[in-house]
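These are the residues of each chain, in order.
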Amino acid sequence: MLKGIVTISNDLSIKICVKLNMSLLVRACFGIHIYYYNCNYVTAKLYKRTSYLLPALRKSTVGNKNAPKSSSHEGQAATQNMSFENMVESRREEACRSILVQVHSEQSCFHLHKYCCQYGEVKGMHHYSLPGSSHFVLVEFTHKANVDHILKCSSHVNRKEVIPVRSPFLWFRAPNKPLQPNHTSSEPPTPVEINGNNIPAPAELRNWIQAAESFSDQILVLHRATSLNDLGSRLRFLTARQIELALSGLFPQITVMPFGSSVNGFGKAACDLDLVLLADKEETNDEDNSDCRIVFHAKTLLTNGRTQVQRHMETLGDMVQMLLPGCSHVRRILQARVPIIKYHQDLTGVECDLSMTNMSALYMSELLYILGASDWRVRPLVFAVRSWAREIGLTNPTPGRWITNFSLTLLVLFYLQQHSKHKGPVLPTLNTMISLAGSGDHRITSEGVNCTFIRDVSQLCHHMASSSKKLPNTDNLETLFIGFFEFYSSFDFTTHAISLTNGTSVTKPDHSPMYIANPLERGLNVSKNVSHDETERLRIEFRNTAWMLESVSLTPHETSLTVSQKKADEAWGLTALFEAPQSAAKGRNIFYLPTQRVPPPRIMDVSNLFQQDTDEVGDSFVRDSAVPVNTLSSNKQQSEVQGRLKPSKVAKVSRRVHRR
Ligand code: GTP
Ligand code: MG
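These numbers were taken from a predicted model, which means no experiment stands behind them.

(A) Spatial organisation of the overall build of the chain. Looking only at helices and strands, the chain has 24 helices and 17 strands in total. The proportion of buried residues among the 660 residues of the chain is 52%. In the chain, the share of contacts with a sequence separation of at least 24, taken over all contacts with a separation of at least 6, comes to 69%. Of the roughly 31400 Å² of accessible surface on the chain, a fraction of 54% belongs to carbon and sulfur atoms.

Printed below as a string of structure tokens:
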């Protein structure tokens, strides 16, 4: 017997009671809370697609200017109107109250819930699966003390064969005694999310975009369906907490902060996790405690700060590789401007870049978060442009001489700072944000980078609305999207640089093919990596797309077909744009250069070869980790692994990587 209450918490405030049988995407798009009670998980057939909710998704976005504000993603919705700092703190606090448990299947949720309730009130459970059929549940308790209690009572198996690390990364073993059949819960219903990490398949996403009612609506659907959801955020903050916990004995004030697209509001589902490790974030109380006569003993820092950071990062890399459950594919990239450790967290399925002393990047994320929150159109527009770039092969997941998502985001923000003769801009300039900063907004990094700007989004919006002498910009997403391509089609990248500081282009200070001035670190070029060829290609693609937007249909084709039949219809709007290579090949597009639309294979960087070399070490380490992940199956294997990772070998491998 399966019953469920499904609450669709969107602008329409629909509340329906149905048997649980719905598309994951619908759930993702609406932030549907599923409360199970009297569930028999074994018979539950979840997430079969039904079409009856499709019109609801479409409707919800049509002409609904507030749609993105009332995010579908339930946890996200709670943090939506928070300041960046409060959002980060709330997520960090949530991670402290959470554990991650590997389970046999989603059917284990009920038993796990019952088991966890012995240790305290369970606030929520979020199930997800990863390739290879491993299933996990993120359990959120009401109090951090509940987590401490359950960890205290947890144990290792084969203790002699594993490194007995204690962390909130656990697995749920079979009970010693058989369970009572037909067991029903006496606990109050706990929200349980199943398959919370599912990303819509490309074909499914295409159908949803095709079924939208307008071009603007397509952009909103794309944003809602592909942005990082609540579980994605939870897993990223728990991944950060793992490093924090591992080092907290040495640095009790340590903070490992997510930054980049995981927190700046521009994150896509499955985006990477950028982390910065701050040994003492507040750089606390040395002066306040100057009267205190008890002083810590500590080792002296090396005189060369960069060398010190590199050596610390190297040690950190060893710790992550050898001690932390789930961490694999560890690569040390220590010669970069910002040295990083790259690794994969197999249990949360997140690719991580860990750095130290990178506070300006954290403030950059805050700046982007504020700009994204200050107008509902910003994030969907950035998503659409980033998706466009990915679809036509302009961006690439590996770093190289092509434009990055971060630079593309800055291009969109800069475009939104522009104003016309009568209409004001959508976004303020950084100078405006600096001039509005209050006393609580003062931030200067330890490297001396001034990151002071207004943090209060509502105050910023109020200023934008009240100070403009021009008409407010009320363009819809379609107009803004088209305008973006028109704007950059005529932008002179050869002589001009982009500056978000005053929202105007400036003369290029050097000969870089593309120059996007770093808004916080003056004098640095964010797009320094972009080659001449790639800049040229970008310029052609801007023109190409501007032209295509004039020629492709931006409204759905008139049809008498039902919604489910429509999906196979001729592409229009975004779909037509993303599927352009076929139409371009037919010669419809005058700007199209066949060899450029499908990017030529980019020659592999020598550095990538070195990376692969290090991967081998990480790989063999992972292969030795049997399920449950990271439990080495024998002493022999463990000593083999440690043998392979002898300091001399690790140093040799990382030296090769250093040459990047
Ligand atoms: P995706 O990972 O592609 O989803 O986007 P992202 O915004 O996270 O970009 P990325 O992982 O490349 O960089 C992470 C963050 O580092 C960015 O959001 C910026 O805050 C910062 N960042 C990236 N590149 C630069 C740069 O060239 N200069 C500075 N100062 N910060 C950068
Ligand atoms: Mg990133």
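(B) A look at the packing of aromatic side chains. Within this structure, the stated rule accounts for 23 aromatic pairs. Ring centres 5.7 Å apart and planes at 80 degrees place the aromatic pair Phe484 and Phe542 in the edge-to-face group. Taken together, the positions of Phe484 in helix α16 (residues 477–489) and Phe542 in helix α17 (residues 532–551) put the pair 58 residues apart, joining distant regions of the chain. Owing to a relative accessible area of 0%, Phe484 belongs among the buried residues under this scheme. Overall, the relative accessible area of 0% leaves Phe542 in the buried class. Aromatic side chains Phe487 and Phe491 sit 6.1 Å apart centroid to centroid with 45 degrees between the ring planes, which places their arrangement in the tilted category. Following the ring pairs from residue to residue traces out a cluster consisting of Phe215, Trp388, Phe414, Tyr415, Phe481, Phe484, Phe485, Phe487, Tyr488, Phe491, Phe493 and Phe542. Its end group placed over the ring of Tyr369, Arg379 keeps NZ or CZ at 5.3 Å from the ring centre. The ring of Phe453 is capped by Arg455, whose NZ or CZ atom sits 3.9 Å from the centre of that ring.

(C) Seen up close, the site of ligand 1. Around ligand 1, 16 residues are found, and the nearest of them are Ser261, Asp272, Asp274, Asn405 and Asn518. Residue Asp274 places a side-chain N or O atom 3.0 Å away from an oxygen atom belonging to ligand 1. With respect to ligand 1, the side chain of Glu521 contributes an N or O atom lying 3.1 Å from a nitrogen atom. Summarising the interface, the protein chains cover 78% of the accessible area of ligand 1, which totals 610 Å² for the free molecule. At the level of secondary structure, the elements contributing two or more residues to the shell around ligand 1 comprise α11 (359–373) and α13 (405–416). Ranked by residues supplied to the shell around ligand 1, first place goes to α11 with 3 residues. Residue composition of the shell around ligand 1, by class: 5 nonpolar, 6 polar and 5 charged.

(D) Structural view of the pairing of strand β15 (residues 504–507). In the sheet, strand β14 (residues 496–499) pairs with β15 via 4 bridges, with the strands oriented antiparallel. Within β15, the position partnered with His496 by the bridge is Thr507. Taking the residues between adjacent antiparallel strands as the criterion, β14 and β15 are bridged by 4 residues, where Gly503 takes a positive phi near 70 degrees.

(E) Spatial organisation of the sheet that holds strand β5 (residues 122–130). An order of β7-β4-β6-β5-β8 is seen for the 5 strands of this open sheet, with the pairing classed as mixed. Edge strands, defined here as strands with exactly one partner in the open sheet, are β7 (169–171) and β8 (192–193). Of the strand pairs in this sheet, strand β4 (residues 98–103) and β7 are connected by 3 bridges, and their pairing is parallel. Opposite Gln102, over in β7, you have Trp171 as the bridge partner.

(F) Seen up close, unusual backbone geometry. At Asn158, a position not held by glycine, the phi torsion is positive, near 50 degrees. One non-glycine residue, Ala270, lies in positive phi territory at about 70 degrees. Tracing the backbone through its elements, the reader meets Ala270 in the loop between β9 (255–259) and β10 (273–278).

(G) Highlighting the nonpolar core. By size, the foremost hydrophobic cluster in this structure holds 99 residues, and its most contacted members are Trp388, Leu411, Phe481 and Tyr488. For this core, the leading source of residues is α11, giving 10 residues. A domain-level breakdown of this core finds at least three residues from each of domain 1 (81–175 + 188–197) and domain 2 (373–555 + 573–579). In contact with Trp388, not counting residues within four places along its chain, are Leu394, Phe485, Glu541, Phe542, Thr545, Leu577 and Phe578. Among the nonpolar cores identified, the runner-up in size contains 23 residues, and Met313, Val330, Ile341 and Met356 belong to it.

(H) Region of the structure containing the packing of helix α7 (residues 202–210) against helix α8 (residues 215–226). Contact geometry for α7 and α8: axes closest at 9 Å, N-to-C directions at 145 degrees. In this structure, the crossing between α7 and α8 has a hand that is right-handed. Contacts between α7 and α8 pair Leu205, Trp208, Ile209 and Gln210 from the former with Gln218, Val221, Leu222, Ala225 and Thr226 from the latter. Its residues assigned to classes, the contact of α7 with α8 comprises 6 nonpolar, 3 polar and no charged.

(I) Representation of the UniProt feature "domain: PAP-associated" (unreviewed entry) in the chain. Within this structure's numbering, the places UniProt gives as "domain: PAP-associated" (unreviewed entry) are residues 476–512. Taken end to end, residues 476–512 comprises 35% helix and 22% strand; its first and last C-alpha atoms sit 34 Å apart.

(J) Local environment of the pairing of strand β12 (residues 340–345). Of all 6 residues that make up β12, 5 are buried, and the element is covered over most of its length. What sits between strand β11 (residues 327–333) and β12 in their antiparallel hairpin is a turn of 6 residues. Inspection of the sheet shows β12 paired to strand β13 (residues 350–356) by 6 bridges, in the antiparallel sense. Residue pairing for β13: Ile340 is matched across the bridge by Ser355. Connecting β12 to the antiparallel partner β13 that follows it, the hairpin turn spans 4 residues, and Gly349 within it adopts a positive phi of roughly 70 degrees.

(K) Summary view of the sheet that holds β13. A sheet is described by the order of its strands in space; here 5 strands give the open sequence β9-β10-β13-β12-β11, paired in mixed fashion. At either margin of the open sheet sits one strand with a lone partner, and together these are β9 and β11. With strand direction ignored, the average angle separating the axes of adjacent strands in the sheet is 25 degrees. With respect to the sheet, α11 is in contact with β9 and β10, its orientation differing from that of β9 by roughly 45 degrees.

(L) A look at the pattern of salt bridges. Counted by the stated rule, this structure contains 23 salt bridges. A salt bridge links Glu93 to Arg97; the shortest N-O distance between them is 2.9 Å. Taking relative accessible area as the criterion, Glu93 reaches 41% and is therefore assigned partly exposed. Accessibility expressed as a relative area gives 8% for Arg97, which makes it buried. With a shortest N-O distance of 2.9 Å, Arg234 and Glu140 are connected by a salt bridge. Highlighted residues: Arg234 in helix α9 (residues 230–247) and Glu140 in strand β6 (residues 134–141), separated in sequence by 94 residues. Look at Arg234 and you get buried, because its relative accessible area is 10%. One network of salt bridges, with partners in common, ties together Arg91, Glu93, Glu94, Arg97, Lys123, Glu140, Asp230 and Arg234.

Parameters and conventions
Residues numbered from 1 in each chain as written. Chains lettered and ligands numbered in written order. Predicted model: local features only at pLDDT ≥ 70, side-chain atom pairs only at ≥ 80, totals over all residues. Heavy atoms only, no water. Helix = DSSP H or I, 4+ residues; strand = E, 2+ residues; numbered from the N terminus. Buried < 20%, exposed > 50% of the residue type's maximum accessible area, 1.4 Å probe, protein only. Contact = heavy atoms within 4.5 Å. Areas by Shrake-Rupley, 256 points an atom, 1.4 Å probe, with all protein chains shown as cover. Phe/Tyr/Trp six-rings, centres within 6.5 Å; stacked < 30°, edge-to-face > 60°. Lys NZ or Arg CZ within 6 Å of the ring centre and 35° of its normal. Near = heavy atom within 4 Å. Polar contact = N/O pair within 3.5 Å; in protein donor to acceptor, adjacent residues only side chain to side chain. Nonpolar A, V, L, I, M, F, W, Y, C, P; charged D, E, K, R; others polar. Pairing = 2+ DSSP bridges. Core = buried A, V, L, I, M, F, W, Y, C linked by side-chain atoms within 4.5 Å. Domains from an automatic or database assignment. Axes fitted to C-alpha atoms, helices over the stretch in contact; angles between N-to-C directions. Left-handed = near helix turned anticlockwise from the far one by under 90°. UniProt positions renumbered as here; feature names shortened; annotations may be inferred. Salt bridge = Lys/Arg side-chain N within 4 Å of Asp/Glu carboxyl O.

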